[in-house]
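Residues per chain are reported as follows:
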Amino acid sequence: MKKLLLVISALFLVLSTNASSGDNSSKDNYLPYYNGPEFTPNWLKPNSKKLTDFHKISDFKFMNQLGEFVTQEDMKGKIYVASFFFTSCPGICPKMRSQLAKVQTEFRDNNDVYIISHSIQPENDTVEVLQDYADENDIQAGKWHLVTGKREDIYTIAREDYFANEDLGEYVSNNDFLHTENIVLVDHNRHIRGIYNGLNKTSINHLITDINTLQKESSQSK
């Protein structure tokens, strides 16, 4: 009788797992998709029809530390990590930069992975200022884009596309602004696939692992 109950229980578990899978993918095989500021994970397969109208990063055009425009076309088919900062930031920015440097080192010679850090103080972070900042902090041109542009464009994409805090850019002191420590992972189809704490070493290690997972997914879709 006990053996029969064990068999029935095992069968029920298998049937329940299969029945609940639906359009969801195995959490071991894919990363979730995100489409709102709550960052609720949506477990969809990369070929799911639901992705047709799913949230994507909008078209953009910003200028990097080399004075070159960076657009969505440059990131087409690529994986990139998005963050927000400003060069004179005395608070969390240096810590985030240190963590992002690990991502740069890990994927330095990988032409499918990039970093885009958007200045939230574009009126002061000119191309020349960004170039000096890049030189001082060993930021690799062409791999890690420090971008500036119209303030309205940067704040719009921050809030509406990357779901940054609505208080982004407000003064907390004479020399500092509110900004987010969140780092966002964007896949080769411009979908958000991960959100990470840029101040946390473990979170950045997860980011590096997830980038590798996305690379496998991207190669399988080609």
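What you are looking at is a predicted structure, and each value in this text was computed from that prediction instead of being measured. (Residues numbered from 1 in each chain as written. Predicted model: local features only at pLDDT ≥ 70, side-chain atom pairs only at ≥ 80, totals over all residues. Heavy atoms only, no water.)

A. Molecular detail of the overall build of the protein chain. For the protein chain, the count of helices and strands is five helices and seven strands. Sequence-ordered secondary structure for the protein chain, helices as α and strands as β, is α-β-β-β-α-β-α-β-α-β-β-α. Across the 222 residues that make up the protein chain, the buried fraction comes to 44%. Summarising the internal contacts of the protein chain: among those between residues at least 6 apart in sequence, 67% fall at separations of at least 24. (Helix = DSSP H or I, 4+ residues; strand = E, 2+ residues; numbered from the N terminus. Buried < 20%, exposed > 50% of the residue type's maximum accessible area, 1.4 Å probe, protein only. Contact = heavy atoms within 4.5 Å.)

B. Expanded view of the side chain of His188. With respect to the helices, strands and loops of the structure, His188 is situated in the loop between β6 (182–186) and β7 (192–197). His188 sits in the buried class, given a relative accessible area of 11%. Setting aside anything within four residues of it in sequence, one finds His188 in contact with Gly77, Lys78, Ile79, Glu217, Ser218 and Ser221.

C. Main features of the sheet that holds β6. Strand order in the open sheet made by the five strands is β5-β4-β3-β6-β7, with mixed pairing throughout. Strands with a single pairing partner mark the edges of an open sheet, and in this sheet they are β5 (144–147) and β7. Put simply, the sheet's adjacent strands are angled 20° from each other on average, direction ignored. With seven bridges connecting them, strand β3 (residues 79–85) and strand β4 (residues 113–119) associate as parallel partners. When the bridges of β4 are listed, Phe84 appears paired with His118. Those strands touched by helix α2 (residues 93–106) are β3, β4, β5 and β6, and its axis lies near 165° from that of β3. Along the sheet, helix α5 (residues 201–221) makes contact with β3, β4, β6 and β7, crossing β7 at roughly 165°. (Pairing = 2+ DSSP bridges. Axes fitted to C-alpha atoms, helices over the stretch in contact; angles between N-to-C directions.)

D. Inspection of a negative patch on the surface at higher detail. Taken together, the side chains of Glu128, Asp132, Asp135 and Glu136 present a region of like negative charge at the surface. Looking at the element boundaries, Glu136 is found in helix α3 (residues 127–136). The exposure class of Glu136 is exposed, given its relative accessible area of 62%. (Patch = residues over 30% accessible without salt bridge, like charges linked within 9 Å, V, L, I, M, F, W, Y side chains within 5 Å. Areas by Shrake-Rupley, 256 points an atom, 1.4 Å probe, with all protein chains shown as cover. Salt bridge = Lys/Arg side-chain N within 4 Å of Asp/Glu carboxyl O. Lys, Arg positive; Asp, Glu negative; His and termini not counted. Charge placed at Lys NZ, Arg CZ, Asp CG, Glu CD.)

E. Up close: unusual backbone geometry. Phi is positive for Asp138, which is not a glycine, with a value near 55°. Within the secondary structure layout, Asp138 lies in the loop between α3 and β5. Despite not being glycine, Phe163 has its phi angle at roughly 60°, a positive value. As for its placement among the helices and strands, Phe163 is situated in the loop between α4 (151–161) and β6.

F. α3, seen in detail. Those residues of α3 that sit buried are Val127, Leu130, Tyr133 and Ala134. Taken end-on, α3 shows its buried residues confined to a sector of 125°, consistent with a single buried face. For α3, exposure combined with an orientation more than 90 degrees from the buried face picks out Glu128, Asp135 and Glu136. The first or second residue beyond α3 is Asp138, which carries a positive phi of 55°. (Arc of directions from axis to C-beta.)

G. Examining the packing of α2 against α5 more closely. The geometry of α2 relative to α5 is characterised by a closest axis approach of 10 Å and an angle of 25° between their N-to-C directions. Looking at the two axes, α2 sits roughly parallel to α5. Our pair here, α2 against α5, has a crossing hand that is right-handed. Note on element contacts: α5 touches α2 through Lys201, Ile204, Leu207, Ile208 and Ile211, opposite Gln99, Lys102, Val103 and Glu106. Classifying every residue of the contact of α2 with α5 gives five nonpolar, one polar and three charged. (Parallel < 35°, antiparallel > 145°, perpendicular 65-115°, else oblique. Left-handed = near helix turned anticlockwise from the far one by under 90°. Nonpolar A, V, L, I, M, F, W, Y, C, P; charged D, E, K, R; others polar.)

H. Geometry of α5. End to end, α5 covers 31 Å across 21 residues, agreeing with the expected 30 Å (1.5 Å per residue, within 8%). Among the residues of α5, Ser203, Ile204, Leu207, Ile208, Asp210, Ile211, Leu214, Gln215, Glu217 and Ser218 are the ones counted as buried. The N-terminus of α5 is capped by Asn200, whose side-chain oxygen sits 2.9 Å from the backbone nitrogen of Thr202. (Expected span 1.5 Å × (residues − 1). Polar contact = N/O pair within 3.5 Å; in protein donor to acceptor, adjacent residues only side chain to side chain.)

I. Fine view of the pattern of salt bridges. This model, assessed by the stated rule, comprises five salt bridges. For Asp112, the salt bridge goes to Lys78, with nearest N and O atoms at 3.5 Å. Of this pair, Asp112 sits in the loop between α2 and β4 while Lys78 sits in the loop between β2 (69–71) and β3, placing them 34 residues apart in sequence. For Lys78, a relative accessible area of 21% gives the class partly exposed. Among the ionic pairs, Arg193 bridges to Asp187, the shortest N-O distance being 2.9 Å. For Arg193, a relative accessible area of 1% translates into the label buried. Note on Asp187: relative accessible area 1%, which makes it buried. What emerges from the salt-bridge pattern is a single network uniting Asp187, Arg193 and Glu217.

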